Amino acid sequence: MMAFSAPIIFLFASVLVACVPARFRAPILLITPFAGLASILWFGMGTHAVVSVQGFELIFYRIDTLSFPFGVVFCIAAFLAGLYAWHVRDVVQQVATLGYAGAALGGVFAGDLITLFIWWEATAITSVFLIFARRTPGAMATGMRYLIIQVLSGVLLLAGLLLHFYDTGSTTFGNLGLVSLGTWLIFIAFGIKCAFPFLHNWLQDAYPAATITGTVVLSAFTTKMAVYTLARGYAGTEVLVYIGSVMAIFTLFFAVIENDLRRVLAYSLNSQLGFMVVGVGIGTELALNGTVAHAFSSVLYKSLLFMTVGAVMYRTGTSKASELGGLYRTMPVTMVCCLVGAMSISAFPLLSGFISKSLIIDAASKKGYYLAWFALVAASVGAIAHTAIKIPFFTFFGHDSGKRPAEAPRHMQLAMVITAFLCVFIGVFPGTLYAILPYSVDYQPYTFSHVITQMQLLCFALLAFVYLMKVGLHPNQIRRVNLDADWVYRKAAAVALPAIVAAVAAVNRRARDVAMDGLKRSMTRLSQFASPSGLLADIWGVNAMVSVVVALMLAILALNLF
Amino acid sequence: MKKSAQNNPTNAQLTPLARAFSWTESSTVVQRVIYGVAALSALLFVLDFLIHRHAYAPYEGTPGFYALTGFLAFSFIVLGASALRWLIARPENYYAPDSVDAESYPESGTEQIAFNQDKAPDA
């Protein structure tokens, strides 16, 4: 049974890709997601592929209403990424793509914490090769940073699950809640992969360092798997409402001033994750439906945006906003797809973001989380600023860079058009997405209030953009990097390291000096005893000897009393 | 894209889809579009006073709430970010050589061809 589960199909395909001649590899990348999807539908709802190991029940294939939509969208994303990467001949990336997608599916379908841990680490180990595949010194260093943080998350998960097992005697992965040290550790492990504030830097560090096609793959899986695990384990945990609000807001500022468009998208992805985390924190049926719906639509429009920026990079060699502009002339298809992605993320009516985001925002205001509600409304405006306007404007319009690259290759265009179509389709027919959400949906996104308030937000944000451009207050795009919290471990720790090493060495030397000193003194003492005139070498009288023996025997007797 | 200097296609060479967007280069048309957006915004703003919306959060029902939020939040985020940049911007090679910021993307992973050259024999 287990051999036909979707994650194993992907893993098998990834091994197969490594063995077959080059011309079969890209087709395998395209076919595998269909096989995975077929497996999910064929097995249907229920708990399958249960293996008993040493008394532990390992559940490899739990398909229920919560894991199902994630499994479906992962298969769709894997197909689109495979199509987009049709030209790639690098077998490392092809193996990593399938292995990574399989591991992410495995994580989503894992029914117990041990299985989850296995897949959790597998996503880290497989995905890092999409960064290494760039094969530059910078990418190698970035990949190592990424791997260290991802594996750290796995180690925390392992520690947490052991403590949790010790506490409860169960490894089942259900609702955990923040009730013990174990569940806290698991929470932090999930938080790292979900890019909580101050645990987020791996995302913005690594995604722009991956290959063009690799970033599209990366954007879909790890973070959404983490959202799924949070929804499974910590639904209704109130602190998530505040964590999510902070996530949604603080990333906006970094995204607005970032020059590398793939890093802009990484920050904007982080902000969108904030919406989903708020939804998990609220924990009502409406909110959890919103989280799953938003994860689903955000996988699609984020993939689309990464694809369009990647296509520009494929043709021009750069994704820096300062080097781009005016590309609409020769890359119109890419431009239109980018606009669809931009309108989706800014929740334009009739596009996917509109019908998923409003579920979470409404859930927040209905449950009385007004601060979080306002944070999400503001973050929606922020998405218009940093992604919806900035990326298309500075890439395809705005200042003409003079670059006249050819349109993206056919297969990239096809991948982008299909993704754009899905964004529109979900937006126009929200019922298709609502039908596969965890709880039954009694929600009408296209009410007069919703449409008009969203249009007001959009239009007035656009006016603000025009105004700020006119008066010259909109930040221009310059070649700079911006510091973030990762400065602490990338710079401060590096600078402090020699001092720390020196301090540790000094303490070590001092301790050794003290120890050696003590040793020397006791040696002298001993030699005094044993010297010809010392106590031990002296001739003792019978009385003294007997006294010592009696004292020793008394001591032994006394010890035996206890 | 070194070749692009002598490769500046005229409007007629562009695909119809690209031509459909060439209005973005005319400042008078852009001006007109901006006026259009402004007019739409004004209409939406007025509509807010005439029609009762559903509202759950405090002040959400106040007419003009979303319009004002859109404008002010956008301005605050962009201006706040500009101020932040003054504090945190560093040269591109700040983290070099351990980051990709100052590196160029390896050319072997791209196919940098200019417009109308994509019918090259190897493509």
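Residues numbered from 1 in each chain as written. Chains lettered and ligands numbered in written order. Predicted model: local features only at pLDDT ≥ 70, side-chain atom pairs only at ≥ 80, totals over all residues. Heavy atoms only, no water.

Turning to the interface of chain A and chain B, a few remarks are in order. Each side of the interface is counted separately: chain A has 86 residues, and chain B has 72 residues. Contact between chain A and chain B buries roughly 7000 Å² in total, counting both sides, with carbon and sulfur atoms accounting for 69%. Looking only at chain A, the three residues that lose the most surface to chain B are R404, F460 and V481 of chain A, adding up to 10% of its buried area. Linking chain A with chain B are five salt bridges. Here K320 of chain A makes a salt bridge to E92 of chain B, at a shortest N to O gap of 3.1 Å. Counting across the chain A and chain B interface gives 22 residue pairs in polar contact (both at pLDDT 80 or more). Ranked by residue count, the leading element in the side of chain A that touches chain B is helix α19 (residues 448–470) of chain A, at 18 residues. The class makeup of the residues in the side of chain A that touches chain B is 53 nonpolar, 17 polar and 16 charged. Direction of pairing for strand β3 (residues 481–482) of chain A relative to strand β1 (residues 89–90) of chain B: antiparallel, over a ladder of two bridges. In the sheet register, V481 of chain A faces β1 of chain B, and the bridge partner there is R90 of chain B. (Contact = heavy atoms within 4.5 Å. Buried area = accessible area lost by both parts, 1.4 Å probe. Salt bridge = Lys/Arg side-chain N within 4 Å of Asp/Glu carboxyl O. Polar contact = N/O pair within 3.5 Å; in protein donor to acceptor, adjacent residues only side chain to side chain. Helix = DSSP H or I, 4+ residues; strand = E, 2+ residues; numbered from the N terminus. Nonpolar A, V, L, I, M, F, W, Y, C, P; charged D, E, K, R; others polar. Pairing = 2+ DSSP bridges.)

Split by domain assignment, chain B resolves into domain 1 (15–51) and domain 2 (63–103). With centres defined by C-alpha atoms, the gap from domain 1 of chain B to domain 2 of chain B works out at 26 Å. (Domains from an automatic or database assignment.)

Another point: the domain arrangement of chain A. The assigned domain composition of chain A is domain 1 (1–234), domain 2 (238–482) and domain 3 (492–532). A separation of 49 Å is found between the C-alpha centroids of domain 1 of chain A and domain 3 of chain A.

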